[in-house]
Amino acid sequence: MSDEVADPVSEEEEASQEEGAEGQGGSRQEDSEAAQAPCENPDVDEEGAEIEVQPQRVATSPSQPTVAEIEEHELSGHAQFRSWCKACVLGRAKDAPSSRVRGAFAESVLPRVRMDYCFLTDEPSASGEGGGAGDEGMCVTCAVMHESLCDSVWAYAVKNKGSTEQWVIEQVIEDLETVGLRNERLILKSDQEPSIVDVMKEVQKARESEFGTAMDNSRVGDSDSNGTIENRIGSFEGMARTLGIALGMKVGERIPIHHAVIPWLVRHAGHIITRS
């Protein structure tokens, strides 16, 4: 049996194998050098100096007011609530809506004049209706009036409840005449609280009207029939607090609730609600 003879390898094949081995060794060396080389800092130039990065520009939020909008809002007396206004946010609290009176009685064409008392404090109470009767030393008693013909609101800072202050009766009649309710038949509406009923009776006597003035006292505990005046009282309290906070921010000090400017502020709050 004859021995097998291997085919001789040509010189060209040997040269190509050597080149392949050298190429693999060279690539391994380059990979090793790349792994050992330090990472380049993109914020540093070739000389090693730090490159100043331009800050990102942030678009202005649409909710942020311009200087002109702030000036216009302050000149309007904070008539419209603005969420970016600190005085508006601190001064006004959203009350739960009251039910409206329905039926023929509610839709009567006769103008209705509603009045009730509230206690103006520096901060809204948890119920959103101002202070209670036990807080009279730390609040201002206010009578708030609303008429349905022009949807006007007036407010009066009083020392005592009832008809003991004659100027309140005269001011109520004068305010009603400014909206054309001098010789018009109207209905005076209130709850059965004796103090506010006394005021309404004095207004009824003092009005010089040939058409007469009717009285309508809601039932005790009937909050639905008083929903209109309660809503206006909530608006008044929020506006009065807003004006007080805004004034304090302007002068750089807190305006106490018994400051001499409060009676004027109470009247002014009603005027702003009426014209807004």
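Residues numbered from 1 in each chain as written. Predicted model: local features only at pLDDT ≥ 70, side-chain atom pairs only at ≥ 80, totals over all residues. Heavy atoms only, no water.

1. Concerning the overall build of the chain
Looking only at helices and strands, one finds seven helices and five strands in the chain. Classification of the 276 residues of the chain by burial places 34% in the buried group. Considering only intrachain contacts with a sequence separation of at least 6, the fraction spanning at least 24 residues in the chain is 68%. When the accessible surface of the chain is split by element, carbon and sulfur atoms take 49% of a total near 18,400 Å². (Helix = DSSP H or I, 4+ residues; strand = E, 2+ residues; numbered from the N terminus. Buried < 20%, exposed > 50% of the residue type's maximum accessible area, 1.4 Å probe, protein only. Contact = heavy atoms within 4.5 Å. Areas by Shrake-Rupley, 256 points an atom, 1.4 Å probe, with all protein chains shown as cover.)

2. Section: helix α6 (residues 227–251)
The end-to-end C-alpha separation of α6 is 37 Å, in line with the 36 Å expected for 25 residues at 1.5 Å each. Where α6 ends, the next residue or the one after it, Gly-252, has phi of about 85°, a positive value. (Expected span 1.5 Å × (residues − 1).)

3. Examining the packing of helix α4 (residues 166–178) against helix α5 (residues 194–206)
Packed helix pairs are characterised by how far apart their axes lie and by the angle those axes make with each other. In the contact formed by α4 and α5, the axes pass within 10 Å of each other and the chain directions differ by 60°. Comparing their axes, α5 and α4 come out oblique. For the pair α4 and α5, the sense of crossing is right-handed. Contacts from Ile-169, Val-172 and Ile-173 of α4 reach α5 at Val-199, Glu-202, Val-203 and Ala-206. (Axes fitted to C-alpha atoms, helices over the stretch in contact; angles between N-to-C directions. Parallel < 35°, antiparallel > 145°, perpendicular 65-115°, else oblique. Left-handed = near helix turned anticlockwise from the far one by under 90°.)

4. Some thoughts on the sheet that holds strand β2 (residues 140–147)
Within a sheet, neighbouring strands are paired by backbone hydrogen bonds and run either parallel or antiparallel to one another. Judged by pairing direction, the sheet is mixed, and its five strands sit side by side in the order β3-β2-β1-β4-β5 without closing on themselves. Two strands in the sheet have a free side with no partner beyond their single neighbour: β3 (152–158) and β5 (213–217). Taking each pair of neighbouring strands and ignoring which way they run, the sheet shows an average axis angle of 25°. Bridge count for strand β1 (residues 112–120) against β2 is eight bridges, and the pairing is antiparallel. Bridged to Met-115 within β2 is Met-145. Contacts between α6 and the sheet are confined to β1, β2 and β3, with β1 contributing the most and set at about 45° to the helix. Contacting β1, β2 and β3, helix α7 (residues 262–275) runs over the sheet at an angle of about 170° to β3. (Pairing = 2+ DSSP bridges.)

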